[in-house]
Amino acid sequence: MEERDIIKQVRRIEIRARGLSQQMFSGEYHSAFKGRGMAFSEVREYQYGDDVRNIDWNVTARLNHPYVKVFEEERELTVMLLVDVSGSHRFGTTSQFKSELIAEIAATLAFSAIHNNDKVGVVMFSDRIEKFIPPKKGSSHILRIIRELIGFKPTGHGTDIAEALRYFSNVTKKRSTAFLMSDLYDSGYENALKIAAGKHDLVVLKIDDEREHSLPRMGLVSFEDLETGETRWVDTSSKAVREAYADYCRRYSEENEALLQKYGIDHVTISTGQDFVKPLIGLFKRRN
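This structure is a prediction, so every number in the text was calculated from the model and none was measured.

1. Topic: helix H7 (residues 239-262)
Line of reasoning, step 1. Here H7 contains 24 residues, and its C-alpha end-to-end distance of 34 Å stays within 8% of the 34 Å for a straight helix at 1.5 Å per residue.
Line of reasoning, step 2. For H7, every residue scored as buried is listed here: Arg242, Cys249, Tyr252, Asn256, Leu259 and Leu260.
Line of reasoning, step 3. Against helix H6 (190-199), strand S7 (201-208) and strand S10 (266-271) lie the buried residues of H7.
Line of reasoning, step 4. Of the residues trailing H7, Gly264 is marked for its positive phi of about 60 degrees.

2. Here's the deal with the pattern of salt bridges
Line of reasoning, step 1. Applying the stated rule across the entire model yields 14 salt bridges.
Line of reasoning, step 2. Lys262 is the salt-bridge partner of Glu190, the closest N and O atoms lying 2.7 Å from each other. With a gap of 72 residues between them, Glu190 in helix H6 and Lys262 in helix H7 connect regions that are remote in the sequence.
Line of reasoning, step 3. On the accessibility criterion, Lys262 (55% relative accessible area) is exposed.
Line of reasoning, step 4. For the salt bridge of Arg232 with Glu230, the shortest nitrogen-to-oxygen distance reads 3.4 Å.

3. Quick look at unusual backbone geometry
Line of reasoning, step 1. Non-glycine residue Asn64 carries a positive phi angle of around 60 degrees.
Line of reasoning, step 2. Mapped onto the elements of the fold, Asn64 is located in the loop between helix H2 (57-63) and strand S2 (67-74).

4. Side note on the packing of helix H5 (residues 161-171) against H6
Line of reasoning, step 1. Two elements in contact, H5 and H6, have axes separated by 9 Å at closest approach and are oriented at 30 degrees. Here H5 lies roughly parallel to H6, going by the angle between them. The element H5 and its partner H6 pack so that their crossing is left-handed. Taking contact as the criterion, the partners of Ala162, Leu165, Arg166 and Ser169 in H5 are, on H6, Ala192, Leu193, Ala196 and Lys199.

5. Quick word on the side chain of Ser169
Line of reasoning, step 1. Note that Ser169 resides in helix H5.
Line of reasoning, step 2. For Ser169, a relative accessible area of 10% gives the class buried.
Line of reasoning, step 3. Discounting residues that sit within four places of it in the chain, Ser169 has contacts with Ala196, Lys199 and His200.

6. A few points about the pairing of strand S4 (residues 119-125)
Line of reasoning, step 1. The buried fraction of S4 is high, at 6 of 7 residues.
Line of reasoning, step 2. Of the pairings in the sheet, the one linking strand S3 (residues 78-84) to S4 comprises 7 bridges and is parallel in character. Considered in S4, the bridge of Met80 is made with Gly121.
Line of reasoning, step 3. With helix H3 (residues 98-115) bridging S3 and the parallel S4, this β-α-β connection has right-handed handedness.
Line of reasoning, step 4. Of the pairings in the sheet, the one linking S4 to strand S5 (residues 129-136) comprises 5 bridges and is antiparallel in character. Following the sheet pairing, Met124 is matched in S5 by Lys131.
Line of reasoning, step 5. What sits between S4 and S5 in their antiparallel hairpin is a turn of 3 residues.

7. With respect to the environment of Thr272
Line of reasoning, step 1. You can see Thr272 is positioned in the loop between S10 and helix H8 (277-287).
Line of reasoning, step 2. For Thr272, a relative accessible area of 5% gives the class buried.
Line of reasoning, step 3. As for Thr272 and Tyr252, which are separated by 20 residues in sequence, their C-alpha atoms are 18 Å apart.
Line of reasoning, step 4. Setting aside residues no more than four positions away along its own chain, Thr272 makes contact with Phe91, Thr94, Gln96, Phe97, Lys98, Leu101, Asp208 and Asp209.
Line of reasoning, step 5. Within the structure, Thr272 has its side chain in polar contact with the side chain of Asp209 (distance 2.5 Å).

8. Quick word on the sheet that holds S4
Line of reasoning, step 1. The sheet built from 6 strands is open, its strands ordered S5-S4-S3-S6-S7-S10 with mixed pairing. What marks the edges here is a single partner per strand, and that holds for S5 and S10. This sheet shows a mean twist of 15 degrees between the axes of neighbouring strands, independent of strand direction.
Line of reasoning, step 2. As defined by bridge partners, S7 adjoins S10 across 6 bridges and the pair is classed as parallel.

9. Notes on the packing of aromatic side chains
One pair of aromatic rings is described through two measures. These are the centre distance and the angle between the planes.
Line of reasoning, step 1. Within the structure shown, the criterion is met by 2 aromatic pairs.
Line of reasoning, step 2. Taking 5.8 Å as the distance between ring centres and 75 degrees as the angle between the ring planes, the aromatic pair formed by Phe132 and Tyr167 counts as edge-to-face. With Phe132 in strand S5 and Tyr167 in helix H5, this pair connects stretches of sequence that are 35 residues apart.
Line of reasoning, step 3. Note on Tyr167: relative accessible area 24%, which makes it partly exposed.

Each value, and the rule that gives it
Residues numbered from 1 in each chain as written. Predicted model: local features only at pLDDT ≥ 70, side-chain atom pairs only at ≥ 80, totals over all residues. Heavy atoms only, no water. Helix = DSSP H or I, 4+ residues; strand = E, 2+ residues; numbered from the N terminus. Expected span 1.5 Å × (residues − 1). Buried < 20%, exposed > 50% of the residue type's maximum accessible area, 1.4 Å probe, protein only. Contact = heavy atoms within 4.5 Å. Salt bridge = Lys/Arg side-chain N within 4 Å of Asp/Glu carboxyl O. Axes fitted to C-alpha atoms, helices over the stretch in contact; angles between N-to-C directions. Parallel < 35°, antiparallel > 145°, perpendicular 65-115°, else oblique. Left-handed = near helix turned anticlockwise from the far one by under 90°. Pairing = 2+ DSSP bridges. Right-handed = clockwise from strand over helix to strand, strands pointing away. Polar contact = N/O pair within 3.5 Å; in protein donor to acceptor, adjacent residues only side chain to side chain. Phe/Tyr/Trp six-rings, centres within 6.5 Å; stacked < 30°, edge-to-face > 60°.

What follows is the structure, encoded as structure tokens:
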């Protein structure tokens, strides 16, 4: 992709993401993702209905009148975007590739985060850690993230979710909110998932495509594995082949669902060509 095309795409995504985050997402985001706790703000006179557990006994004794401590939510969060840039994300049979959908979702989440005064960082991974962007605030930082997501060319082609989760847990010491955006075409990452979900508020956005659920009847077709480069001829006119493929995809989805539920990880599936607004807002509302 040429430089001017990257700039145009960054600008297009920026305009849409800013609009969505301001009009629809910021409030839902704020409610769904809480701060680190409550911080002391001030002391004021006791009012009917105040929690007696918040009475400041030292001030009350000194002034001979009940006073209570007032607390405010510590709002600032660190938001980490764990973005799968493996070969399988250069796939899409509708209006966009998975990688393009991820860029739009990531941009919207990032703008929602900075509107709530949160920091945003990124871990881009394939079968290795491709790039780490440390958490920062500001629109210029978000534009850099969008540009990287659009123009970045990974070295690896496979997928290692366990390595991404381990790296994230190691570089992010304080509890943070993390969005893992991947088609989850990997295995052996359950332990890393468990550890990350225990330490952080981990949310999984599973990215897929309608053709990853069923095969159309197209006759003899050559398929390429975008992660290994392996090609294979498949007779899609065979009912048995199509049914076996659909059954495999169903079992794969059920296994992912069971794994995420096992560790209480909030998640949603979003498909290419689908408006991601509704499923994301639905996810946010379920967390309230």
